[in-house]
There are 2 protein chains.
Amino acid sequence: MSRRLLALGLLLALPAAAEEGMWTYDAFPRDAVEKAYGFAPSQAWLDHLRLSSVRLAGGCSASFVSPGGLVMTNHHCIRSCIEDLSSPKNDYLAKGFLARSAKEELRCPKVEANQLVEMTDVTARLEGATQGKRGADFNTALKGEMSRIESECAQGPDVRCDVVTLFNGGRYQLYKYRRFQDVRLVFAPEFSMAAFGGDADNFNFPRYGFDAAFLRVWDAAGQPLQTEHWLPWAKQGAKEGDLVFVSGHPGGTERQRTVAELEFQRDVALPYHLLYLAEERGMLREYAASSAERWRTTRSPLRGVENGLKALRGRHQALAEPGLLADKRAAEAALREQPGVDEALTATARALDTWRPLFAAHRLKEGGDGFPSELFDLARGLVRAAEELPKPNAERLPEFTEARLPSLRQRLLRDAPIPADLERVRLTFGFNKLRETLGADDAFVRTVLGREAPEELARALVKGTKLFDVKERQRLLDGGAAAIAASKDPLVLLARRVDAPARETRKRYEDTVESVLKKNGELLARARLAALGTSGYPDATFTLRLSYGTVQGWTEPDGARVAPLTTFAGAYARQTGKEPFRLPDPWMKAQGQVPGETPLDVATTNDIIGGNSGSPLVDREGQVVGLIFDGNLHSLGGRYAYVPETHRAVGVHGEGLLLGLERVYGAERLVKELRAARR
Amino acid sequence: MSRRLLALGLLLALPAAAEEGMWTYDAFPRDAVEKAYGFAPSQAWLDHLRLSSVRLAGGCSASFVSPGGLVMTNHHCIRSCIEDLSSPKNDYLAKGFLARSAKEELRCPKVEANQLVEMTDVTARLEGATQGKRGADFNTALKGEMSRIESECAQGPDVRCDVVTLFNGGRYQLYKYRRFQDVRLVFAPEFSMAAFGGDADNFNFPRYGFDAAFLRVWDAAGQPLQTEHWLPWAKQGAKEGDLVFVSGHPGGTERQRTVAELEFQRDVALPYHLLYLAEERGMLREYAASSAERWRTTRSPLRGVENGLKALRGRHQALAEPGLLADKRAAEAALREQPGVDEALTATARALDTWRPLFAAHRLKEGGDGFPSELFDLARGLVRAAEELPKPNAERLPEFTEARLPSLRQRLLRDAPIPADLERVRLTFGFNKLRETLGADDAFVRTVLGREAPEELARALVKGTKLFDVKERQRLLDGGAAAIAASKDPLVLLARRVDAPARETRKRYEDTVESVLKKNGELLARARLAALGTSGYPDATFTLRLSYGTVQGWTEPDGARVAPLTTFAGAYARQTGKEPFRLPDPWMKAQGQVPGETPLDVATTNDIIGGNSGSPLVDREGQVVGLIFDGNLHSLGGRYAYVPETHRAVGVHGEGLLLGLERVYGAERLVKELRAARR
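Criteria and cut-off values
- Residues numbered from 1 in each chain as written.
- Chains lettered and ligands numbered in written order.
- Predicted model: local features only at pLDDT ≥ 70, side-chain atom pairs only at ≥ 80, totals over all residues.
- Heavy atoms only, no water.
- Pairing = 2+ DSSP bridges.
- Helix = DSSP H or I, 4+ residues; strand = E, 2+ residues; numbered from the N terminus.
- Axes fitted to C-alpha atoms, helices over the stretch in contact; angles between N-to-C directions.
- Contact = heavy atoms within 4.5 Å.
- Least-squares fit on C-alpha atoms with pLDDT ≥ 70 in both.
- Disulfide = S-S within 2.5 Å.
- Buried < 20%, exposed > 50% of the residue type's maximum accessible area, 1.4 Å probe, protein only.
- Core = buried A, V, L, I, M, F, W, Y, C linked by side-chain atoms within 4.5 Å.
- Arc of directions from axis to C-beta.
- Bend = angle between axes of the 7 residues up to and from the residue.
- Polar contact = N/O pair within 3.5 Å; in protein donor to acceptor, adjacent residues only side chain to side chain.
- Buried area = accessible area lost by both parts, 1.4 Å probe.
- Salt bridge = Lys/Arg side-chain N within 4 Å of Asp/Glu carboxyl O.
- Nonpolar A, V, L, I, M, F, W, Y, C, P; charged D, E, K, R; others polar.
- Phe/Tyr/Trp six-rings, centres within 6.5 Å; stacked < 30°, edge-to-face > 60°.
- Lys NZ or Arg CZ within 6 Å of the ring centre and 35° of its normal.

Trainee: Help me get a handle on the sheet that holds strand β15 (residues 565-567) of chain B, residues and values and all.
Mentor: Residues and elements named next belong to chain B. Taken in spatial order, the seven strands line up as β12-β11-β17-β18-β19-β16-β15 in an open sheet, and their pairing is antiparallel. Among the strands making up the open sheet, the edge pair consists of β12 (545-550) and β15. Recorded for the sheet is a direction-independent mean angle of 30° between the axes of neighbouring strands. In this structure, strand β11 (residues 243-248) lies alongside β12, joined through six bridges in antiparallel fashion. Each residue of the ladder has a partner; that of Gly 248, found in β12, is Arg 545. Against the sheet, helix α2 (residues 30-37) makes contact with β11 and β12, and its axis sits at roughly 10° relative to β12, the strand it touches most. Sheet strands in contact with helix α3 (residues 43-52) are β11, β12 and β17 (616-618), and its direction is about 110° off that of β12.

Trainee: Explain the relation of the copies chain A and chain B to me, using residue names and the numbers behind them.
Mentor: Superposing chain A onto chain B requires a rotation of 180° together with a translation of 0.0 Å along the rotation axis, leaving an RMSD of 0.0 Å. Within this description, the copies of the chain are treated as partners about a two-fold rotation axis. Interface residue correspondence from chain A to chain B reaches 100%, placing this contact among same-surface, isologous pairings.

Trainee: Got a sec to walk through the state of the cysteines? Specific residues and values, please.
Mentor: Taken as a whole, this structure holds six disulfides over all chains when the rule is applied. Disulfide partner of Cys60(A): Cys77(A), at an S-S distance of 2.1 Å. When the S-S torsion is -75°, as for the bridge of Cys60(A) with Cys77(A), the disulfide is left-handed. With Cys60(A) in strand β2 (residues 60-64) and Cys77(A) in the loop between β3 (70-73) and α4 (79-85), this residue pair connects regions lying 17 residues apart in the sequence. Between the sulfur atoms of Cys81(B) and its disulfide partner Cys108(B) the distance amounts to 2.0 Å. As the torsion about the S-S bond is roughly -65°, the Cys81(B)-Cys108(B) disulfide counts as left-handed. Placement of the pair is Cys81(B) in helix α4 (residues 79-85) and Cys108(B) in the loop between β5 (106-107) and β6 (113-121), with a sequence separation of 27 residues. Comparing Cys81(B) with Cys108(B), the two get one shared label, buried. In chain A, the bonded cysteines, taken in the order they occur along the sequence, pair up as 1-2, 3-4, 5-6.

Trainee: Talk me through the environment of Gln474(B); I want residue IDs and the actual numbers.
Mentor: All names here are of chain B. Checked against the element boundaries, Gln 474 lands in helix α20 (residues 470-486). Taking C-alpha positions, Gln 474 is 37 Å from Leu 312, a pair spaced 162 residues apart along the chain. Every residue in contact with Gln 474, bar those within four places of it in the chain, is listed here: Arg 409 and Leu 413.

Trainee: I'd like to hear about the pairing of β2(A), residue by residue, with values.
Mentor: All names here are of chain A. Counting buried positions over the five residues of β2 gives five, a clear majority of the element. Taking every second residue as pointing to the same face, both faces of β2 are buried, with Cys 60, Ala 62 and Phe 64 on one and Ser 61 and Ser 63 on the other. Here four bridges tie strand β1 (residues 53-56) to β2, and the two strands are oriented antiparallel to one another. Looking at the pairing, Arg 55 lines up with Ser 61 of β2.

Trainee: Explain the nonpolar core to me, using residue names and the numbers behind them.
Mentor: Counting 145 residues, the largest nonpolar core has Phe431(A), Val448(A), Phe431(B) and Val448(B) as the members making the most contacts within it. Discounting chain neighbours no more than four positions away, the residues touching Val448(B) are Phe371(B), Phe431(B), Leu434(B), Leu457(B), Leu494(B), Arg497(B) and Val498(B). Leu49(B), Phe581(B), Ala590(B) and Ala667(B) belong to the second largest nonpolar core, which has 70 residues in total.

Trainee: So what's going on with unusual backbone geometry? Residues and values would help.
Mentor: Following Phe205(A), the chain continues to Pro206(A) via a peptide bond in cis, the omega torsion being 10°. Here Pro206(A) shows up in the loop between α9 (198-201) and β10 (213-217).

Trainee: Give me helix α6 (residues 123-130) of chain A: which residues, what numbers.
Mentor: Working note: α-helix, 3.6 residues per turn, so residues spaced by three or four point in the same direction. All names here are of chain A. Every buried residue belonging to α6 is among Thr 123, Leu 126, Ala 129 and Thr 130, and all of these are buried. Looking down the long axis of α6, one finds its buried residues gathered within 130° of arc, a one-sided arrangement. For α6, the elements touching its buried residues are β6 (113-121), α7 (135-153), β7 (159-166) and β8 (171-180).

Trainee: Explain helix α21 (residues 490-532) of chain A to me, and be specific about the residues and the numbers.
Mentor: Residue Asp499(A) marks the point of greatest curvature in α21(A), where the axis turns by about 45°; the proline Pro501(A) follows within four residues. The backbone nitrogen of Leu491(A) lies 3.0 Å from a side-chain oxygen of the residue at the head of α21(A), namely Asp489(A).

Trainee: Explain the interface of chain A and chain B to me, and be specific about the residues and the numbers.
Mentor: At the junction of the two partners, chain A supplies 41 residues and chain B supplies 41 residues. The contact between chain A and chain B buries some 3,600 Å² in all, and 48% of this surface belongs to carbon and sulfur atoms. The largest per-residue losses of area from chain A upon contact with chain B belong to Leu275(A), Glu286(A) and Arg451(A), which jointly make up 17% of the total buried on that side. Between the two partners, chain A and chain B, sit eight salt bridges. Measuring nitrogen to oxygen at the nearest pair gives 3.0 Å for the salt bridge that ties Glu279(A) to Arg281(B). Inspection of the region where chain A meets chain B yields eight residue pairs in polar contact (both at pLDDT 80 or more). Only α10 (259-289), α11 (292-320), α17 (420-438) and α22 (568-574) of chain A provide two or more residues apiece to the side of chain A that touches chain B. Its residues placed into classes, the side of chain A that touches chain B shows 15 nonpolar, five polar and 21 charged.

Trainee: Tell me about the packing of aromatic side chains, and please be specific about residues and values.
Mentor: Taken as a whole and judged by the stated rule, the model has 54 aromatic pairs over all chains. Pairing Phe39(B) with Trp45(B) gives two aromatic rings, centres 5.8 Å apart and planes at 70°, and the pair type is edge-to-face. Grouping residues by exposure puts Phe39(B) and Trp45(B) together as buried. Between the aromatic rings of Phe264(B) and Phe359(B), the centroid separation amounts to 5.8 Å while the plane-to-plane angle is 75°, which identifies the pairing as edge-to-face. Separated by 95 residues along the polypeptide, Phe264(B) in helix α10 (residues 259-288) and Phe359(B) in helix α14 (residues 359-365) bring together distant segments of the chain. Classification of Phe264(B) by relative accessible area gives buried; the value is 5%. The residue whose ring lies beneath Arg184(A) is Trp218(A), and the NZ or CZ to ring-centre distance is 3.7 Å.

Trainee: I'd like to hear about the environment of His653(A), residue by residue, with values.
Mentor: Residues and elements named next belong to chain A. For His 653, the position within the fold is in strand β19 (residues 649-653). Looking at His 653, the relative accessible area reads 0%, which means it is buried. Other than its neighbours up to four places away in sequence, His 653 contacts Gly 237, Ala 238, Leu 565, Pro 599, Leu 600, Asp 601, Val 602, Val 625 and Gly 626. Engagement of the side chain of His 653 in a polar contact is seen with the backbone nitrogen of Glu 655, the distance being 3.1 Å.

Structure follows, in structure tokens:
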């Protein structure tokens, strides 16, 4: 590597710090780890950890932790399952859940688990398909070839195949997953313990959350899955300074984005999303406060909104920090010397200028913000399925291709309660946002509202629809276009009414913005790869990654030192008896049962981000020493850059987790299974 | 002026367009107006218009429109008065108000009106006092001298004296006002008509609002004020292209701010405020929707929150537009050649870096965001009055100086209902914001909450306080430090508990940020004045200004043409029967009484901003042709720059206003008074 390229490397993709990097399993920097820690994971070690890792299709990570199909993840990753299984009488979110026998394990209606069994490079095939194309043609060719590849691979409902984009399109791979759709709940603590400290402590550390849950994968024969790949529980817990690995699915980073793209995020996209979420939060909190039943149905979506709000706020703050963009500008200036880069940057900036005035309309009409409702999602899904499924596979919207059919069916036919009154207020909120943002005279707004007020329309829709009923949805899905055309369901009628203009907005985005950003993103990615090779790691894309780091605290900008471990005693000291700092009854009763110095939560330097939730934290033996459930506030800027001094992953400590299960929850069957698996 | 200075002028303070400028009365560009329109206002014309102009101390503009003390302003400027006078039985906000005799005119508890009678330059005196000082010393000297000047001037409760800062401290003037504190309500339309189109139409045009109200100033003898300065109603309404003037009190512009200050607004201050307001809006809307009584007490503060949210959003969008900051950067680069400018810019940027991590804490602890409550305001006001009033005048916090005592007393002793339940939810909101933003372990948060949950503390405070009662407040105010020390009122105790740390935050801000920004702002202002003279206009500071312009529509970026006048027929066409597009009953009954083609609202090119609400729109005869109540969306960016192509002021048209009063509202006595005053 020439000196110029080396300088470029320092500015660009090469990890700046030893622990930076969300590595794909086929390019893990074994040498670097060996050099730094005297331990080089073998290929068998890597394969076993990969196959023990589980992806929850909803957006989380997990792992097999017993040969009997037991899966460990976070409580917050399966909160919607717990809610789906709850009723006013059996409020498992409030009181927790424990299956004392296999029979008591309850199936999660919406949870799908995936195990990554194969990775194949398909870059050449996709480059061939898109060669010389641009704009809409580029997009169509790319999507068409992707869905062809996926369909060829996905034979049967037990296989899921995704073409994944790495290095911003510099490389494409086909990821083949084994798909599990019968996933049952084994254990969940109380919501107030999983999220101890609530929104106030979210993304903070020191932390005292017990954000763990256990599921079990059942096979097609209705038996617990037998698996040879699973992670044993470590006998020794992780201590400060220990080398640890996180295997999971970071959802998305934007560390390779152009300065123009980051400025667009800072000035347009993030402010839009933040304002939407902030108002939604205010609305939902007040709504939830008005009755116990409303609180029960709202707390989970509310928690999602609050989590998103805080995460995006952290991102905005990172971008608003002058230093970050200054570094990016310097890196971009260095890259600009490469051939084609200047043109690609200009094209990207121009596409964003086009996008700027269309952004909100796209979010509202097509992106879901105008219709923030499960029922509307179902209606739109059914309406579009009727139109898309008869088309040749390569011409469909990506979410309706053959490879995605199992997920689609699961989404449309899930048997979970939909709280009607909450649907009403959320639809009202969305309709108001539509009218406010696009204006009362806007044609789309008139198509939605006619002369109705938002709240009246929402009330009428929720009252009139039959989409609460799975059988009705099954009928509409099976009946296809004819059934949809004949339906008088008011939500189906609304979804039909808005479909053409919503698709038009989407097409405009895809043809004039997305395709340009993608094509030029690829060009820039190739320029980077040409300069640096694949010695870096690709931006996160909810694909399996391995990161390494150490158990370590940090020093705050004001000089305060934060230690890497918290203890059970700390949790009891923090408890106030009132939400969100209320320890649930089992914890109060068990006080003293777990030694106070037992570690409860842990901070590590691993490079993680949202999507890594539920990832196992393992030691060099590949044994479980913790369960990632969060990052600290500083880690939110990790979307754009890893800052080794302050970026920390946050997990439940393996020791505290096991002792808590045993002595606080009396989860004997579960603990026995985990202990049996202990090495 | 040299060529370089001329170029600088083009980049800097000189109005870029004929109609740009919020001119002080002593520097109105008569020559420019004469050159452009063939009309030069005489000194007598200017004096009369100035003395006919009224400032509502709460933050609005108004004007005398009859010799009997009749005052015209906007409905939204006195909404809180209407609300104060309302009860569940007599909901004047819903049904409007009309006094059919002088006796029926009801006194507004919180409204103070001012008439600007004298302006004196005091720059030299203040420069003398601050010479050679910096940091806290600079601030103390400046504030001390200001309050000395004000006290010397303000003799008695009928006089108000403010030292006003012009040209960012390049010039100081003493503004002497005649103060009127007995202001009574004469007429108000229904809230739904004043704000027809609601938040959706707010800051939009075409517009159909009837946002007008009439007050009357009563003198100390309990009689309607007799005044020789008042504006007659024009017989001929304003037509497209007509020259028109707006005399009023634009609240604040930041057109002279440095790039660093604008970036701070874009990245830190505005996002903070926007998120606070968005969440508050969501909360208040849901709260208000839950019962009719809650709606009644909430709609007015809600409207304020929504208005602020939309206005700040417009500002943020203007700053996020790359062009605006690019222009400002170029202007700043040009100014940088002036001596001392580079150092001043550097010092400003450094102060903002200090400020960045302290901003939210200051807003929450001292700026009111942690305690968004009328009751807390009263408690803090009483606690601080007890501490400040015994001090020598020059050492007090500015809001407790002798010159401000009448306003302070009016604020603390106003006799208006305080809705307890709304106080409870707003306090809860503020406490939650405190804990979320500063963290559960923060010392200030613990001082506020102890181990209480926000909602419980808020409930207990509202339940336990006696500050609803004016007599109790009078007792505490009269009793001074001893009464405060003896008080067991929980809100007084809270205000005392947090006072030291809140003051500390304020002091830190004032000493390390405000004083630096002020001092260097002055240096920059002087550099600008040295280069350009006072041929420009100073940034708006809620002081009386005169702007000129024409009745004119505009062309939207997408090519759509917007006409400058809307009509009564248009209002009826827009009506849907449902809020916010519901015409009230009197309008439905009177349909056809006012000819459909009668102008209702009007757009003009006048350079206005928030605070101009309620300003009279007058023709070259100085006669009323309209009533400013808003600007279009583009005008929101006017905070930072005037864009002649799209910036428009929005008003009720004089013709429509008079006919509406007469034929829709049957306001005979009022119309007779206005017609008698017609020339």
